[in-house]
Amino acid sequence: MAKRFLTYEQQIDKLVNEKGLLITNRNYAEDILKQTSYYSLISGYKDLFKNPTTKAYRDGIRLEDIVALYEFDRMLRELFLSYILRVENHIKSLLSYAFCEKYGESQNAYLNKQNYNYSGKRNRADVDRLVDHVLIKYVTRKTEFHYINHAQATHGNVPLWILKNALTFGNISVMYSVLPQDIQFKISSEFRGINESQLKQVLRYLVRFRNVCAHGERLFSYRNVESIPDFPIHNKLQIPKNGNQYIYGKHDLFAVVITLRYLLKREDFRELKRRLTRLIENHSKNQQGITQAELLKKMGFPENWKKITRYKL
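The rules behind each value
- Within each chain, residues carry numbers counting from 1 in the order of the written sequence.
- Reporting of local features is limited, given that this is a predicted model, to residues whose pLDDT is at least 70; pairs of side-chain atoms are given and counted only at 80 or more, and all residues count toward the totals for whole chains, interfaces and linings.
- Side-chain numbers here rest on the full set of heavy atoms in the structure, without hydrogens or water.
- Comment: elements are numbered from the N terminus, with helices defined as DSSP H or I runs of at least four residues and strands as E runs of at least two.
- Joining through side-chain atoms within 4.5 Å is the link that ties buried Ala, Val, Leu, Ile, Met, Phe, Trp, Tyr and Cys residues into a set, and such a set is a nonpolar core.
- Exposed residues in this analysis have more than 50% of their type's maximum accessible area, buried residues have under 20%, and partly exposed residues fall in between, with area computed by a 1.4 Å probe over protein chains only.
- By the convention used here, residues are in contact when the closest approach between their heavy atoms is within 4.5 Å.
- Ring pairs shown here join Phe, Tyr and Trp side chains whose ring centres sit within 6.5 Å, with only the six-membered ring taken for Trp; geometry is labelled stacked below 30 degrees between planes, edge-to-face above 60, and tilted in between.
- Remark: a charge is flagged as sitting over a ring if the NZ atom of Lys or the CZ atom of Arg is within 6 Å of the ring centre and within 35 degrees of the ring normal.
- What a helix is expected to span follows from its residue count: subtract one and scale by 1.5 Å.
- As a rule, the C-alpha atoms of each element are fitted with a line to give its axis, helices using only the stretch in contact, and angles between N-to-C directions run from 0 to 180 degrees.
- Small angles under 35 degrees read as roughly parallel and large ones over 145 as roughly antiparallel, with 65 to 115 read as roughly perpendicular and the rest as oblique.
- By salt bridge we mean one thing: a side-chain nitrogen of Lys or Arg within 4 Å of a carboxyl oxygen of Asp or Glu.

Peer 1: It is not clear to me how unusual backbone geometry should be interpreted in this structure. Could you clarify?
Peer 2: Note on backbone geometry: most residues besides glycine have negative phi, and most peptide bonds are trans. Of note in the backbone geometry, K55 takes a positive phi value of approximately 70 degrees without being a glycine. Even without being a glycine, Q238 presents a positive backbone phi close to 55 degrees. Tracing the backbone through its elements, the reader meets Q238 in the loop between helix 13 (232–236) and strand 1 (241–242).

Next comes the structure, spelled out in structure tokens:
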């Protein structure tokens, strides 16, 4: 049955009378609901505060507790997006350089399907979509990017090192996955402890989390249907297993942390860790409804996650 429309007053009444949420300032509550929406705020961030048997809020849970978690997640998205973008730009630069080094600067090089790994049904389908539906449009029509239009008009050629900035991280991830192995190896060898096959998998993983951050989806508890490979860092952190599967750092946000440990420069990753530690600790100081241990578990972080910088890759 479809849920019926509720006014802001009715939404507040439902939270107080049916769900047992503490709301002491109804004007504040209405302002928050106007800014965020009931679905984004309450439906998105209620789970950690609920009594699992009654489905009502635990005693003493305030609206401010849910808002604090919502704001924590917003800052978490901004933090991770900034570092994922560094990886995205690095990969774009390495890929365009390695491709042009082998095939030259002509746009015909990246439009030529034979310059990719065109064997196998999946690869052929990926190459066809990439070339026919993404790359071709940047050289055959006017675009929203002035630098591409200038290259078209002035030189009749859009080299990959110009085109790369217009491509999405998803486009670049697909392009990397269908490149010849020698180019994949040249790119992956720029990173410590990760081979070309693992890089292919983690780029695909990062793309989804990048989009979660960019589109304002809930991040802290997000689980990806895909996973990252098992890395030595999983074992060094002594992450427990369920059977043969690590229970942290595979489908969760901590898997992103592990990925960034391999793909960021050492000083950049240490900076990320400091900022992330500060964000978690500040939130825990101001949050009455959940403990830091509960939050970390929901994020997929082992208790000893800070030791990730102790180990060499």
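Here the narrative resumes, following the displayed structure.
Peer 1: Honestly, the nonpolar core in this entry has me stumped. Any pointers?
Peer 2: Taken as a class, soluble globular proteins show a tendency for nonpolar side chains to be buried jointly. Y116, L135 and L260 are the most contacted members of the largest nonpolar core, which totals 104 residues. When residues in this core are grouped by element, the largest group, 19 residues, is from helix 4 (residues 63–103). Discounting residues that sit within four places of it in the chain, L135 has contacts with Y110, L111, Y116, L130, L163, L167 and M175.

Peer 1: Even after reading the chapter, I still don't get helix 3 (residues 38–45), so can you show me in this structure?
Peer 2: Residues spaced three or four apart along an α-helix point in a common direction, a consequence of the helix completing one turn every 3.6 residues. Residues of helix 3 that are buried: Y38, L41, I42, G44 and Y45. Buried positions along helix 3 lie against helix 1 (8–18), helix 2 (26–36) and helix 4.

Peer 1: How should I be thinking about the packing of aromatic side chains in this particular structure?
Peer 2: Here a ring pair, both rings aromatic, is described through the centre-centre distance and the interplanar angle of the planes. Summed over all chains, the structure comprises eleven aromatic pairs. Arranged with centres 6.1 Å apart and planes meeting at 15 degrees, the rings of Y45 and F220 form a pair that is stacked. Here F220 lies in the loop between helix 12 (196–214) and helix 13 and Y45 lies in helix 3, a separation of 175 residues in the sequence. Of the two residues, Y45 and F220, both sit in the buried class. Between Y138 and F145, the ring centres sit 6.3 Å apart and the planes meet at 45 degrees, which makes this aromatic pair tilted. Judged by its relative accessible area of 7%, Y138 falls in the buried class. Through a chain of ring-to-ring contacts, the aromatic side chains of Y45, Y70 and F220 assemble into a single cluster. Lying over the aromatic face of Y57, K50 brings its terminal NZ or CZ to 5.1 Å of the ring centre. Positioned above the aromatic ring of Y246 is the side chain of K241, whose terminal nitrogen or guanidinium carbon lies 4.7 Å from the ring centre.

Peer 1: Sorry if this is basic, but what is going on with helix 6 (residues 121–135) here?
Peer 2: Between its first and last C-alpha atoms helix 6 spans 20 Å; for 15 residues at 1.5 Å apiece the expected length is 21 Å, and the two agree. Along its buried surface, helix 6 packs onto helix 5 (107–111), helix 7 (137–140), helix 9 (160–163) and helix 10 (169–177).

Peer 1: Mind showing me how you'd approach the packing of helix 14 (residues 253–263) against helix 15 (residues 266–286) here?
Peer 2: A pair of packed helices is characterised by two quantities: the angle between their axes and the separation of those axes. Taken N-terminus to C-terminus, the directions of helix 14 and helix 15 make an angle of 150 degrees; their axes are 9 Å apart at the nearest point. What the angle tells us is that helix 14 and helix 15 run roughly antiparallel. Listed contacts from helix 15 to V257, L260 and R261 of helix 14 are F269, L272 and L276.

Peer 1: When you look at the pattern of salt bridges in this model, what are you seeing that I'm missing?
Peer 2: Overall, the coordinates contain 22 salt bridges when judged by the stated rule. As a salt-bridge pair, D128 and K113 come within 3.0 Å of each other at their nearest N and O atoms. Of this pair, D128 sits in helix 6 while K113 sits in the loop between helix 5 and helix 6, and the two are 15 residues apart along the sequence. With a relative accessible area of 25%, D128 lands in the partly exposed category.

Peer 1: Help me understand the side chain of S173 in this model?
Peer 2: Relative to the assigned elements, S173 resides in helix 10. Looking at S173, the relative accessible area reads 8%, which means it is buried. In contact with S173, other than residues within four places in its own chain, are L203, R204 and V207.

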